[in-house]
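For reference, the chains in residue letters:
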Amino acid sequence: MKGDKNVDFQALKDIANKLRIDSIVATNASKSGHPTSCASMAEIMSVLFFHTMRYKISAPRDPSADRFILSKGHAAPILYAAWAEAGLFPVEELKNLRKLTSDLEGHPTPRLNFVDVGTGSLGQGLAVAAGMAYVGKYFDQAPYRVYCLVGDGEAAEGSIWEALHFASHYKLDNLVVIFDVNRLGQSEPTSLQHQMDVYAARLKSFGFHTLVVDGHDVTELVKSLDEAASVGGKPTAIVAKTYKGRGFPGIEDKENWHGKALGADGDKIIKHLQSQIKNASITLKPQPPLAEAPKVHISDITLSSPPAYKKGEMVATRLAYGTGLKKIADTNLRVIAMDGDTKNSTFSDKLRNAYPDRYIECFIAEQTLVGAATGAACRDRAVVFASTFAAFFTRTFDQIRMGAISQSNINLAGSHCGVSIGEDGPSQMGLEDLALFRAVPTATVFYPSDAVSTERAVELAANTRGICYLRTSRPNTAVLYDNDTVFKVGEAKVVRSGAADRVLLIGAGVTLHAALAAAAALAQEGVEARVLDPFTIKPLDEAAVKKHAKAVGGRVVVVEDHYQAGGLGEAVLSALALERDVVTAHLFVREVPRSGAPDELLDKYGVSAPHVAGAARALLKL
């Protein structure tokens, strides 16, 4: 149909009303859902899925196909209806909406083979779409296009405007964002309601080719989407004036109908909608993709050369992160780095300097950094490493948790963790990040303690499914491991041990070095201590923790440059919770810290070597 002057506009109208009916039937069957939110976008979905978009019913996630992101995820029933009407699965299955036994969940997730990312936490879909479009334009250089439907309510989210800036800056002319301006939010009208001129002015100021249309006029929608395909050098925004509950007599454009099944009113409304349909048996088939996207290989990624350090050499793990990142980029063209204007601190600039075309600057917009990373990794098109200060990932927790729901394989690197960063003070200190990432069900949390283990952590993360987090430190620390040391996810390393050990010291990053210094001080007193490097905090090598705790007589000190809740200490305490005759001392940052020199701060907040030695002595007196 695309490009055909004889577009069957009536068929598109009919399909729109069929989608409305499907949404009512599905939400009535589940006795919950958002049929009025579906009704406002019925014509948009009809035109997108049955005129504009190119995709394969046989392979919904084909790399060559156009992408569609439903940012207003609560309108999931109409997304499901569109795929059902296109022929992916029987329309009758829509009645299983929201049932425990069905993947047609209340909001879309990639349990469904036609959903790339989970949506429903509003304001996130556009950044994901922008990441997809960036990969399509600059890496795949393929003609597939990306369409993102945004609700006017979620347009109040700053993350939407961050993503608009990103898309405009990178001239993503393969991206179309459609604003479903239906005027009504959940509890009251939106702030702008139907001020279409205000939406248009804002979007134009962001550098978008902007079109304002009647969102219920299929002719206008066809024309605007066809026009978007011919625009070069900038993304397109279609601002569609719509009405919530469109086509539902007595409900259309009325408040207090958000998130409610129509119940008994549904049957009457379905009959009304059926009367509007000219040809109930009409079917339109999507057109296939224009061209094949390139085949990519993103597995079995290795460092281009092994670590090359001398034991005792002082190297910051953040610097080794950059070195490892550049090395895996040497061996795989699909390794890309993203950063939020901290590349000369996180050292992601090592990849940028070597391969500038494989680096994406996201500027100081961390929510877009993580959202666009999620989009870039979709459909296994790239191995993505996104970095910033560990502290700043806290503002992206919603994007990270949605990344887990989205089954995303993104790698996030947080530098400048803990009080050890020094004089910059508490606003820059990542002291909550381990708790954040340990709470994410699909996350693997690496906390390397020297340059060798850091390079290997980068290599392992590139090959590990799910969300990977690498915690790196600012200070230079001594190289501990031989360059040929083998590291594995979930496998700890014993870095000091002896037959006479009486206490187990566990640290990570800078506190592993504090533990080693404490062990040396204790040895001067005739007390031998074993020191354990967990390497990954999640999964923690619980077997090693238990084994070595028992081997030293059940006395354990765990020390971390992190707050008490959710970090290394609580992971160790959980592992030892059911072990008899084991006593654990936990050293951590107990209050909001202040500026100062790194060594002063580590000592002031109780996580330096003298404090570790003191805790060990106290345990041995019990």
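Every value quoted in this text rests on a predicted model; they were computed, and no experiment measured them.

Comments concerning unusual backbone geometry
Residue P539 is bonded to the preceding K538 through a cis peptide linkage, with omega at 0 degrees. Following the sequence through the fold, P539 ends up in the loop between β17 (536-538) and α18 (542-551). Even without glycine at this site, Q193 takes up a positive phi of about 45 degrees. Along the chain, the position of Q193 falls in the loop between β3 (175-181) and α7 (196-205). Q193 sits in the partly exposed class, given a relative accessible area of 31%.

Re helix α17 (residues 510-524)
Over its 15 residues, α17 extends 22 Å from the first C-alpha to the last, a length consistent with the 21 Å expected when each residue adds 1.5 Å. Taken residue by residue, α17 has V510, T511, L512, H513, A514, A515, L516, A518, A519 and L522 as its buried positions. Downstream of α17 by a residue or two, G526 has a phi angle that is positive, lying close to 90 degrees.

Thoughts on the nonpolar core
The biggest cluster of nonpolar side chains holds 87 residues, and the ones touching the most others in it are F179 and L412. With 10 residues, the single largest contributor to this core is helix α5 (residues 125-140). Leaving out residues up to four positions away in the same chain, L412 has contacts with V370, A386, F393, I400, F437, I467, C468, Y469 and L470. The next biggest cluster of nonpolar side chains, apart from the first, holds 53 residues, and it includes L12, M41, Y55 and L221.

Considerations on the packing of helix α1 (residues 9-30) against helix α3 (residues 42-52)
Think of two packed helices as two axes; the pair is described by the angle between the axes and how far apart they sit. Following both chains from N to C, one finds α1 and α3 inclined at 120 degrees, their axes separated by 8 Å at the closest point. For the element pair α1 / α3, the angle class is oblique. For the crossing formed where α1 meets α3, the hand is right-handed. In this structure, α1 uses L12, I15, A16, L19 and R20 to contact α3, whose residues at the interface are A42, E43, M45, S46, V47, F50 and H51. Its residues assigned to classes, the contact of α1 with α3 shows 8 nonpolar, 2 polar and 2 charged.

Some remarks on the packing of aromatic side chains
With the rule as written, the count across this model stands at 20 aromatic pairs. Pairing F49 with Y55 gives two aromatic rings, centres 5.7 Å apart and planes at 70 degrees, and the pair type is edge-to-face. Y55 gets classed as buried once you look at its relative accessible area, which sits at 2%. The interplanar angle of 65 degrees and the centroid separation of 5.6 Å between the aromatic rings of Y134 and F139 together place this pair among those described as edge-to-face.

Observations regarding the pattern of salt bridges
Within the structure shown, the criterion is met by 28 salt bridges. Of the charged contacts, one joins K72 and D180 as a salt bridge, the two residues approaching to 2.8 Å between their closest N and O atoms. A residue pair is termed long-range when its members are at least 10 positions apart, and K72 in the loop between β1 (67-70) and α4 (76-86) and D180 in strand β3 qualify at 108 residues. The salt bridge partner of K137 is D173, with a shortest N-O separation of 3.1 Å. One end of the pair, K137, is in helix α5; the other, D173, is in the loop between α6 (158-169) and β3, with 36 residues separating them in the sequence. Accessibility expressed as a relative area gives 26% for K137, which makes it partly exposed. A single salt-bridge network, built from bridges that share partners, covers K56, D62 and E292.

Reading the values: the criteria
- Residues numbered from 1 in each chain as written.
- Predicted model: local features only at pLDDT ≥ 70, side-chain atom pairs only at ≥ 80, totals over all residues.
- Heavy atoms only, no water.
- Helix = DSSP H or I, 4+ residues; strand = E, 2+ residues; numbered from the N terminus.
- Buried < 20%, exposed > 50% of the residue type's maximum accessible area, 1.4 Å probe, protein only.
- Expected span 1.5 Å × (residues − 1).
- Core = buried A, V, L, I, M, F, W, Y, C linked by side-chain atoms within 4.5 Å.
- Contact = heavy atoms within 4.5 Å.
- Axes fitted to C-alpha atoms, helices over the stretch in contact; angles between N-to-C directions.
- Parallel < 35°, antiparallel > 145°, perpendicular 65-115°, else oblique.
- Left-handed = near helix turned anticlockwise from the far one by under 90°.
- Nonpolar A, V, L, I, M, F, W, Y, C, P; charged D, E, K, R; others polar.
- Phe/Tyr/Trp six-rings, centres within 6.5 Å; stacked < 30°, edge-to-face > 60°.
- Salt bridge = Lys/Arg side-chain N within 4 Å of Asp/Glu carboxyl O.

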